[in-house]
Amino acid sequence: EGYIPRPANSFMLFRSECCKLQREGKLVVKTSQQDISKVAAEIWATLPMDQKDYWVQMAKLAEAEHKSKHPGYTYK
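Residues numbered from 1 in each chain as written. Predicted model: local features only at pLDDT ≥ 70, side-chain atom pairs only at ≥ 80, totals over all residues. Heavy atoms only, no water.

Colleague: Pulling in residues and values, what's your account of the overall build of the chain?
Modeller: What the chain contains, in helices and strands, is three helices and zero strands. Ordered by position in the sequence, the α and β elements of the chain form the string α-α-α. In terms of C-alpha radius of gyration, the chain reaches 14 Å, well past the compact-globule figure of 11 Å for 76 residues. Each of the three principal axes of the chain carries a C-alpha extent, and together these read 40 × 35 × 20 Å. Counting the 76 residues in the chain, one finds 22% classified as buried. Taking all contacts inside the chain whose residues are at least 6 apart in sequence as the whole, residues at least 24 apart take part in 59%. Here the chain has roughly 5900 Å² of accessible surface; of this, 56% comes from carbon and sulfur atoms. Seen as two clouds, the 12 positive and the 9 negative side-chain charges of the chain have centres 3 Å apart. (Helix = DSSP H or I, 4+ residues; strand = E, 2+ residues; numbered from the N terminus. Rg over C-alpha atoms; globule rule 2.2 N^0.38 Å. Buried < 20%, exposed > 50% of the residue type's maximum accessible area, 1.4 Å probe, protein only. Contact = heavy atoms within 4.5 Å. Areas by Shrake-Rupley, 256 points an atom, 1.4 Å probe, with all protein chains shown as cover. Lys, Arg positive; Asp, Glu negative; His and termini not counted. Charge placed at Lys NZ, Arg CZ, Asp CG, Glu CD.)

Colleague: Kindly report on the side chain of Ser10, identifying the contributing residues and their values.
Modeller: With respect to the element layout, Ser10 can be found in helix 1 (residues 10-24). Residue class for Ser10 comes out buried when judged on its relative accessible area of 16%. Setting aside residues up to four positions removed in sequence, Ser10 forms contacts with Trp44, Trp55, Val56 and Ala59.

Colleague: Go over the side chain of Arg15, please, and point to the residues and values.
Modeller: Note on placement: Arg15 falls in helix 1. This buried residue, Arg15, is left without a salt bridge; Asp35 holds the nearest opposite charge, at 10 Å. Not counting the four nearest positions on each side in its chain, Arg15 is found in contact with Gln33, Ser37 and Ala40. (Salt bridge = Lys/Arg side-chain N within 4 Å of Asp/Glu carboxyl O.)

Keep in mind these numbers describe shape, not what the thing actually does.
Printed below as a string of structure tokens:
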């Protein structure tokens, strides 16, 4: 109780999207979280910068939302 999680960074948001695609059957990998993370990391490493920039912007939006919900939050 009272725990506030850190805002997600760009890779974590990208990985969440990969998990969503896995559930929808659009990304076919083994179903373990470890396997999904490995595939997401491989895809992330090959993404062009313009596509990574999208996820960086999404992370900035998530951080701004986090700051508005939890003013004065500091990572411990």
